[in-house]
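Here is how the chains run, residue by residue.
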Amino acid sequence: MQKLSNRTLVGVGTLLAVVTSITMLIPIDSSAPLHASAPPGLSIAKTDDHETAAPGDILTYIITISNASHVKVIVDIKDTFSSSTTFLSASDQGKYKPSKGTVVWKGLKVPARGSRSITLQIKVNEDAGNGIVISNTVAVGNLTATDTTTVEVPQQTGNLYVTQSTTPLRPRQLLGGELGEAILRLTLRAEHEGIDVTRLVVFTDTGGDLPASVARLELFRPGEATRFAIATIDNCAGNPVNAYCAEMQSQQLVVPEGETVDVLVRPLMKTDEQGAVSTELIQLELRGNTAALARGFVSSNTLAVNDGDTIAEGEIFIGTSTPQSNAPIVGNPNDVVLSKIITIENVNPDADGTNVPVGTNKRIAEFKFTGAVNSNTLNARNRAILEEIVLDVTSSNVLFASDSFDLYNKNDQTQKIRCGTTGTTGHLFALCRKSVNPAVNLEVTSGGSVTLVLEADIISNQVSSIFGSTLQVSIANFSDRSKMTFGANDSDSHVHWLDSDGGASASFRWIENDNAEIPSTAYDL
């Protein structure tokens, strides 16, 4: 039957049991089973007129005692009901006995050639399981009548919660012509039943038109190398506009009941010849009631859009893990690049623990920059050019000569850049600019690399003989997109590079890297 909250079910029935003698019934002994015989001509019927009920339903039983004899009879009646129910009320002064789960009526008069009806109301417990049979038996002497009702738990339409994953993602430099790493990670949670997600709509948070550099978005499950869906502008068919829509086939993205499924959104980038633009900002967002479509896996009901209240009623919730108004899900900002530095390595042949060197033109660090292979060939193939770099020099008990730090390409030691410094001992910065000597090759070509060496004049590698000495050079403050200015201090970026095709150039002050610092050899003495 269809569930109606706290309804009352009322009916009549005609189940008859006929006996063969006439007598007044012996009153029921409440401590022992009913055992007296019923008088002739007496019959009893009971029903709630329903074969099924749902948790929370109220069942109203009508018990009818019929007397076909010519003599008025007085009877005692006992009703026993299921433990899956709760007593509510009984007519005619019926007495409920909780310890026995019974209701007893005593001294009920049934007229000759007449009948008498009494009622009993019970409630199906909220935790009554699906398929439980509620058995309710009434007895008058040795006459009994039993009514059974089966519990059917209605299938509740599920809810879908879409939130931003707690697994962090970092900002990315998205290389033109390549499939980028995930720039948005969603967590989908199903409640009450499994949810079959049939549509996801992703916007960009930059406002206005869609970015020129993105061909489409591809959807992946974590740990899987093959996409399970793609989101394109064409899939939206203009509804909504300026969005990427992923249309999933039946059961292509199912979130099991009570579980979560993460979805990674990765952009497929265009090449520069296809329209990609270096420095273009890419930031993805899910928002509003158009962000997803889904249906219940068992109920097959289409989930409704969030109505903004605090009750989950078969709805899709965006940006919240509880029933309330939707909130935008906004990913990190990311930059389009047409060339990319993918690794920075310490390649100094001196092992950690090597003695601090002393003398002129002493190598103290060596770093290798490697570029990704790119297919951006409009005008010429793009490459990364290191314009400025700050090297972090940390030392103790070591004295450098002032104005003695030089940076050069390992392949050509005849051309060097004299780096400005902020001191001659302790912690200092060496700021090296290509503009000081444009002849020094600082280009990182497509699939190529450049190795840069830092040298300095060291006046003393042990200023005080009673203390040990240490020296180490690092590249730091280079992988934080939020550092928008370049400079020789801790609050600024320590790298400035150009994304160039030999003509036009775009400027960047960060390099995508999972490391916050790349240390070179740790010298000591």
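Within each chain, residues carry numbers counting from 1 in the order of the written sequence. Only residues with pLDDT of 70 or above have their local features reported here, since the model is predicted, and side-chain atom pairs are shown and tallied only from 80 upward, although totals for entire chains, interfaces and linings are computed over all residues. For side-chain calculations, the full set of non-hydrogen atoms in the structure is used, while hydrogens and water are omitted.

Draft legend 1. Broad picture of the overall build of the protein chain. Each helix and strand in the protein chain was counted, giving one helix and 40 strands. Restricting the calculation to C-alpha atoms gives the radius of gyration, and the globule rule supplies 2.2 Å times the number of residues raised to the power 0.38. Radius of gyration (C-alpha) of the protein chain: 41 Å, far over the 24 Å computed for a compact globule of 525 residues. Dimensions of the protein chain along its principal axes, counting C-alpha atoms only, are 130 × 65 × 30 Å. Here the term buried applies to any residue with accessible area under 20% of the maximum for its type, exposed to any over 50%, and partly exposed to those in between, with areas from a 1.4 Å probe on protein chains only. Looking at the protein chain as a whole, 50% of its 525 residues are labelled buried. Counting only contacts in the protein chain whose residues sit at least 6 apart along the sequence, the fraction spanning at least 24 positions is 75%. Areas reported as accessible are Shrake-Rupley estimates using a 1.4 Å probe. Residue values count occlusion only from the protein chains shown. Surface accessibility of the protein chain: about 22900 Å² in total, with carbon and sulfur atoms responsible for 48%. Computing the positive centroid from 39 side-chain charges and the negative centroid from 57, the protein chain places the two 8 Å apart. Helix and strand definitions here come from DSSP, where helices need a minimum of 4 consecutive H or I residues and strands a minimum of 2 consecutive E residues; each element is numbered from the N-terminal end. In this analysis, two residues are considered to be in contact whenever any of their non-hydrogen atoms come within 4.5 Å of each other. Neither His nor the chain ends is counted toward charge; the positive residues are Lys and Arg and the negative residues Asp and Glu. Taken as the charge location is NZ of Lys, CZ of Arg, CG of Asp or CD of Glu.

Draft legend 2. Representation of the nonpolar core within the structure. Side-chain atoms within 4.5 Å link the members of a nonpolar core, which is a set of buried Ala, Val, Leu, Ile, Met, Phe, Trp, Tyr and Cys residues. Within the largest apolar cluster, 44 residues are counted, with the highest numbers of intra-cluster contacts made by I364, F369, L391, F400, F405, L407 and L454. Apart from residues lying up to four places away in sequence, F405 is in contact with I364, V393, F400, I417, R418, C419, T421, L428, A430, L454, E455 and A456. Counting residues in each nonpolar core, the second largest holds 39 residues, with V162, A231, Y244 and L284 among its members.

Draft legend 3. Quick peek at the sheet that holds strand β10 (residues 133-140). Taken in spatial order, the six strands of this open sheet run β3-β11-β10-β5-β8-β7, and their pairing is mixed. Two strands lie at the open edges of the sheet, namely β3 (52-53) and β7 (95-97), each paired on one side alone. By the convention used here, strands pair only if DSSP detects at least 2 bridges between them. Strand direction decides the pairing type here: strand β5 (residues 73-80) and β10, joined by three bridges, are antiparallel. Note on β10: the bridge partner recorded for D79 is V138.

Draft legend 4. Quick peek at the state of the cysteines. The term disulfide is used for any two cysteine sulfur atoms that are within 2.5 Å. A complete count under the given rule lists two disulfides for this structure. Put simply, C236 and C245 are joined by a disulfide, and their sulfur atoms are 1.9 Å apart. Across the S-S bond linking C236 and C245, the dihedral sits near 105°, which makes this disulfide right-handed. Each member of the pair C236 and C245 is classed as buried. The disulfide partner of C419 is C432, and the S-S distance across this bridge is 2.0 Å. Every disulfide takes its handedness from the sign of the S-S torsion; for C419 and C432 that torsion is 110°, giving right-handed. On the criterion of sequence distance, the pair formed by C419 in strand β33 (residues 417-421) and C432 in strand β34 (residues 427-433) is long-range, its members being 13 residues apart. By relative accessible area, C419 is classed as buried at 1%. Using a relative accessible area of 2% as the deciding quantity, one classes C432 as buried. For the protein chain, the bonded cysteines connect in the pattern 1-2, 3-4 when numbered consecutively along the sequence.

Draft legend 5. Structural context of the sheet that holds strand β13 (residues 173-175). Taken together, three strands build an open sheet; the order of strands is β13-β27-β21 and the sheet is mixed. One side of each edge strand has no neighbouring strand; the edge strands of this open sheet are β13 and β21 (281-282). Where β13 and strand β27 (residues 334-337) come together, three bridges link them in parallel fashion. Bridge pairing links L174 to V336 in β27.

Draft legend 6. Expanded view of the pattern of salt bridges. By convention in these notes, a salt bridge is any Lys or Arg side-chain nitrogen within 4 Å of a carboxyl oxygen on Asp or Glu. Applying the stated criterion across every chain, the model contains 18 salt bridges. A salt bridge links E443 to R383; its shortest N-O distance comes to 3.6 Å. Of the two residues, E443 sits in strand β35 (residues 443-444) while R383 sits in strand β30 (residues 383-396), which places them 60 residues apart along the sequence. The closest approach of N and O atoms between R418 and D403, which form a salt bridge, is 3.8 Å. Note that R418 is positioned in strand β33 and D403 in the loop between β31 (399-400) and β32 (405-409), a separation of 15 residues in sequence. On the basis of relative accessibility, which here comes to 37%, the residue R418 falls in the partly exposed class. Here D403 falls in the partly exposed class, since its relative accessible area comes to 47%.

Draft legend 7. Structural view of unusual backbone geometry. Residues N239 and P240 are joined by a peptide bond in cis, for which omega reads 0°. One can find P240 in the loop between α1 (233-236) and β18 (244-247). In this model, R113 sits at a positive phi of 45°, which is unusual for a non-glycine residue. For R113, the location among the structural elements is in the loop between β8 (102-110) and β9 (114-124). Not every positive phi belongs to a glycine, and A237 is a case in point at roughly 50°. Tracing the backbone through its elements, the reader meets A237 in the loop between α1 and β18. We classify A237 as exposed; its relative accessible area is 69%.

Draft legend 8. Focus on the packing of aromatic side chains. Side-chain rings of Phe, Tyr and Trp (the six-membered ring for Trp) are treated as a pair once their centres are within 6.5 Å; stacked means planes under 30 degrees apart, edge-to-face means over 60, and tilted covers the remaining angles. One pass over the structure, following the stated rule, counts six aromatic pairs. Aromatic pair F81 and Y96: ring centres 5.9 Å apart, planes at 20°, arrangement stacked. Of this pair, F81 sits in the loop between β5 and β6 (85-90) while Y96 sits in strand β7; the two residues are 15 residues apart in sequence, bridging distant segments of the chain. Given the relative accessible area of 9%, F81 is considered buried. Here Y96 falls in the partly exposed class, since its relative accessible area comes to 33%. Consider the rings of F400 and F405, whose centres lie 5.0 Å apart with planes at 50°: the pair is tilted. Each member of the pair, F400 together with F405, is buried. The ring of Y61 is capped by K46, whose NZ or CZ atom sits 4.6 Å from the centre of that ring. When the NZ atom of lysine or the CZ atom of arginine is within 6 Å of a ring's centre and also within 35 degrees of its normal, the charge is said to sit over that ring. Seen from the ring of F220, R266 lies directly overhead, with NZ or CZ sitting 4.8 Å from the centre.

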